[in-house]
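If you want the building blocks of each chain, they are given just below.
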Amino acid sequence: MKYNFLLILILVISGFTHAQITELRGTVKDKETKFPLMDVSVSTSDLLQEVLTDDEGNFTITNLNEGDVLLISAIGYETLEYKVGSQTFIQVTLNPDTATLLEDAVVIGYGTQTRKEVTGAVSVIGSETIEDLRPIKTEQALQGTVAGVYVSSGSGSPGANLDIRIRGVGTNGNNAPSVIIDGFVGDLSTINPNDIESLTVLKDAQAAIYGTIGANGVILVTTKKGRKNQKTSINYNTYYGFQETSRKLPLLNSTEYALLLNEAYANAGQNIPFPEIGNTLGVGTDWQDEVFDLATIMSHELSVAGGGEKIAYTLSASNLDQNGIVGKDKSGFKRNTARVSLSGDLSDKWKFNTNLNYIDLRRKTLNENALGSVLFNALNAPPTLSVRDDEGAFTLFPVGGLGNEIINPLAQIADTYNEYAYRKISGTFDLNYEVIEGLKLTGRIGFNSANDDSRVFSPIVNYGGKVFDNPRSRVTQFKSNFYDYSLDFFGEYSKNIADHNMTLTLGTTYFREWGDNLTGTGYDVPGNAWENADISLTTGTFDGIPVSSYNYIGKRLSYFGRFQYNFKGRYLLSGMLRRDESIRFGPDKSAAWFPSVTAGWIISEESFFDDTGIVNFMKLRGSWGKLGSDLIGNFRYRALLNGEATYVLNGSLVQGVATGAIPNLEVGWEESEKLDIGLDINFFNNKLNIVADYFVDRRNDLLIENIPVSGIIGAGAPGGQMPTLNAGTVENKGFEFALNFKDKFGENWGVSLGYNVTFIDNTVLEVNNGTGYVEGGAFGVGQLAPSRMQVGMPMGYFYGYQTAGVFQNQQEIDNHADQSTLGAEAAPGDLRFVDQNGDGKITAEDRVNIGDPIADITMGLNLQVSFKNLDLTAFAYASIGNDMVRNYERTNPDVNRLNYALDRWHGEGTSNSTPRVTTGPHNNNLFSDYFVEDASFLRIQNIQLGYTFGERFTNSTLIKNLRIYAAVNNVYTFTKYRGFDPAATSGDAIGAGIDYGFYPIPRTYMLGLNVKF
């Protein structure tokens, strides 16, 4: 009996020992990309044990028995059940689950919501898109990737600013959206794109939580952060490339130029300048080839991330060095950044998070997008002139037929000396306390501390009697300081009662900014040399005041609240209220209230909804709200001593100060009223999702400067200015549509496709300034303003003469309205202007709307295709309906011309579109639709081909992941516009779309490397 009992005991023990596994290790990877997955939950089915995978996708779990079931799950992936066997190491792959993406957190300002619960017009760009685009500046990642967002550049020069507009031009002033970086006010241009985890764009009343800074929309930036229980990982990204001009304009060569110039002189009855052309002139100098160069670009980025049980960290640094395609070493941009992010648990209830960023920018620039700029001169310089004369000096351009501002562009580059430096340190510190379950308090301080300095040297130069001649050397230097900080304190309380889910957020924020500037000029630089260009070394004096300075201060105090409610996860409601107070307005106008409400209905959660597998998710949403803007100068309600005056003291005239702009005690907030109705639908197991929005954004009480008043009160004095009034209204309304598709085909193929389109109509509704319009922009020299803000018209539309072809003979002239009132008698071959008012003569009263720079339609398209370890990415965007003014052609008789001039009128019936050439008097250069062109375009922005090395390589090295790629940025632009860049703009609300010869955005060829250790 004892023997039998002992035998049974041994069998039981041996069986138990065989069934128990002391340790199970494994690796979890994405089934499609084969990349390891971090923070994947591996738990037993009874949930008594749970571990998370590290950054390499590895996990270890103990005390298991054969037959136990493990649940392996992660956000965005299907949950996998694994039955424990005898193996001690397993490899697991998870399938992406697009349905769970609806549960992803979306940052909405002072909190987050799941994507499913968002009731506003919110778009999110992830780090994957930014990595695919490899933008030099963060703003470029928004080009064509977000419906309703339009990004443009006033220049392709290194480090040039970009202009962002969300849902159109809403004001005659500043249209830039506010940028919030990890909770504090920041600037997209000063952050390394590779440090960004996501960009969230708030386009409608969802931005009302930010009150006075939300009228133009809000962009929320979330930077990358380390994770707890993450092994230290090191990432290194680099690329090297070269840049070239993306476009050259078709100018006349020497022979064509000489023949056309002879014709122009002959038409005016003058002696021709090239009596014997023959074959001696040839092609001549191609000034575009002379000023454009190949330029290099190089980037290095290094980041370290990791974390322990209580703390997580990220360290990163980057370096970017970009040279210009014009000017060689006289044009360039350098950016160095460093960032530290640290977060952790001080206790079970106390948590902290801090970010610290540093940036150092260096830039050199050339004169651009203006009369007399380098490219302006290159386009107008005669090809018959050489770069240098027989003695090796730069050729001097004659004054006569070239005017006094067109000079040798190579000499202009050589004589350009400047440098600019900008340094900024910024950061945030958050402290979070969980009072009780569901109640969290957050305190945050954010700050920016920046300074910049500049040095511009103007040497002694002689261009032969031009306006750029400088008989006396000088150097101008300035230094500025900019500071601001914000203090936020808010609490969030969440409570679920049966099917009722509620969240209440209450808080306050205080913002203060201040700064100063000092500018000075010194004369007579020793040796006329850049090396000695410093005010401390100059030896001359100046009859005047060679120094200036300014300082400023701004403050805002705000209180806000938000209540979020949903019933059964089906009916969604959110209400927001914010009170802002600003010192930019007088005591009676300093405070304003901004309410908003959003709502949503998840139709697919209803019992009547038939989920056949075609439509998986459907949500109807709407929003309405009021937001504010105080983007004007400080203290417009007060009389400031920033004007000039001359006084008599002791019998002598003494220069002094006086009041500047006329004050207005009633100046108040601009108010933006936003309405949005949207629909979100997912199809085919969430592989296809569609987002559609109809929106109306009306901006009331526009802050319009220089309202005409009687000059007797001092507005016309030196330094004086007319007052600022709330005197305008503008409306943007339109429709947005976005489509995204992602699927896997077989084991090796993957496809992702995105498309978005925005239709927009911009109309000015009120201009109550006494004249009914506001003018802006410039065309040619001494002409009337070409742009206007006027009731019933788009903002900044072009206002000029409409043409009706070209006069073919004298009889047509005799039968037409008199054009001599414009300054010259019409002749056959001249433009025929339309007599709009029918009074028999052409005057300034006959000017009408001849185009506008605002696009009717904008679109974006992106495509990603993967096959095994290969990946191909392409991005494109388009603009339809925007016009641009051709203002880079000088009107002097001897300038060069584009080759369309070869199709000019030179006899009856030869042309009805391009006027004759002549050096005599004519009106053909007056601003008219002859100079306005359709600037619609389609741009292939980026093509990238990459290869990721497989496990066979990475498993045998210290490298965890290795990818190489080749890319081309700004591949090609399809357009009928004749200028360098149909997408360029000055960024002005009134005066945009006028082209003085925009610096073209370069085409860039890159080879890159991404390594993870």
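Residues numbered from 1 in each chain as written. Predicted model: local features only at pLDDT ≥ 70, side-chain atom pairs only at ≥ 80, totals over all residues. Heavy atoms only, no water.

Enquirer: Mind showing me how you'd approach helix α3 (residues 254-267) here?
Expert: Three or four residues apart is the spacing at which side chains of an α-helix point the same way, because the helix has 3.6 residues per turn. Taking 1.5 Å per residue, 14 residues should reach 20 Å; α3 reaches 20 Å between its end C-alpha atoms and fits that length. By the burial criterion, the buried members of α3 are Ser254, Tyr257, Ala258, Leu260, Leu261, Asn262, Glu263, Ala264 and Tyr265. Of the residues flanking the start of α3, the one acting as N-cap is asparagine 253, its side-chain oxygen 3.1 Å from the backbone nitrogen of threonine 255. Within two residues after α3, glycine 269 carries a phi angle of roughly 75°, on the positive side. (Helix = DSSP H or I, 4+ residues; strand = E, 2+ residues; numbered from the N terminus. Expected span 1.5 Å × (residues − 1). Buried < 20%, exposed > 50% of the residue type's maximum accessible area, 1.4 Å probe, protein only. Polar contact = N/O pair within 3.5 Å; in protein donor to acceptor, adjacent residues only side chain to side chain.)

Enquirer: Please explain the pairing of strand β21 (residues 350-364) as it appears in this structure.
Expert: The side chains of a regular strand alternate between the sheet's two faces. Examined bridge by bridge, strand β20 (residues 332-345) and β21 share 14 bridges and lie antiparallel to one another. Directly across from glycine 344, in β21, lies its bridge partner phenylalanine 352. The hairpin formed by β20 and β21 contains four residues between the paired strands. Of the pairings in the sheet, the one linking β21 to strand β22 (residues 417-436) comprises 14 bridges and is antiparallel in character. (Pairing = 2+ DSSP bridges.)

Enquirer: When you look at the sheet that holds strand β16 (residues 218-223) in this model, what are you seeing that I'm missing?
Expert: Strand-to-strand pairing in sheets goes through backbone hydrogen bonds, with the strands running parallel or antiparallel. What the five strands build is an open sheet, ordered β10-β15-β16-β13-β14; its pairing is mixed. Here the strands that pair on one side only, and so sit at the sheet edges, are β10 (122-126) and β14 (184-185). As paired elements, strand β13 (residues 178-181) and β14 share two bridges and run antiparallel to each other. Within β14, the position partnered with isoleucine 181 by the bridge is phenylalanine 184.

Enquirer: Can you walk me through the layout of surface pockets in this structure?
Expert: Over the atoms rolls a probe the size of a water molecule, and in doing so it shows where empty space is left. Approximately 1700 Å³ is the volume attributed to the second largest pocket. Around the second largest pocket, the lining is made up of 47 residues, and of these Asn174, Ala176, Pro177, Gly186 and Asp187 lie nearest the centre. At four residues, the largest contribution of residues to the lining of the second largest pocket is made by strand β23 (residues 439-458). For the lining of the second largest pocket, the residue count by class is 20 nonpolar, 14 polar and 13 charged. (1 Å grid on protein atoms, 1.4 Å probe; cavity = no way out; pocket = protein on both sides within 12 Å on 5 of 7 lines; lining within 4 Å. Points joined across faces, edges and corners; volume = space filled by probe spheres on them. Nonpolar A, V, L, I, M, F, W, Y, C, P; charged D, E, K, R; others polar.)

Enquirer: Before we go on, may I ask you to explain the UniProt feature "domain: TonB-dependent receptor plug" (unreviewed entry) in the protein in this structure?
Expert: This chain's UniProt record puts "domain: TonB-dependent receptor plug" (unreviewed entry) on residues 115-218. The annotated region residues 115-218 carries 7% helix and 28% strand content, and the separation between its end C-alpha atoms amounts to 18 Å. (UniProt positions renumbered as here; feature names shortened; annotations may be inferred.)

Enquirer: Looking at this structure, how should I read the nonpolar core?
Expert: Taken as a class, soluble globular proteins show a tendency for nonpolar side chains to be buried jointly. Formed by 50 residues in total, the largest nonpolar core has its most connected members in Val291 and Val326. Secondary structure elements with two or more residues in this core: α4 (287-291), α5 (374-380), α6 (409-414), β42 (831-833) and β46 (883-886). Here this core takes five residues from α5, the largest share from any one element. Not counting the four nearest positions on each side in its chain, valine 326 is found in contact with Val291, Phe292, Ser331, Leu366, Val374, Leu375, Ile413 and Tyr999. Judged by nonpolar contacts, the second largest core, of 22 residues, contains Ala141, Val146, Val151 and Leu162. (Core = buried A, V, L, I, M, F, W, Y, C linked by side-chain atoms within 4.5 Å. Contact = heavy atoms within 4.5 Å.)

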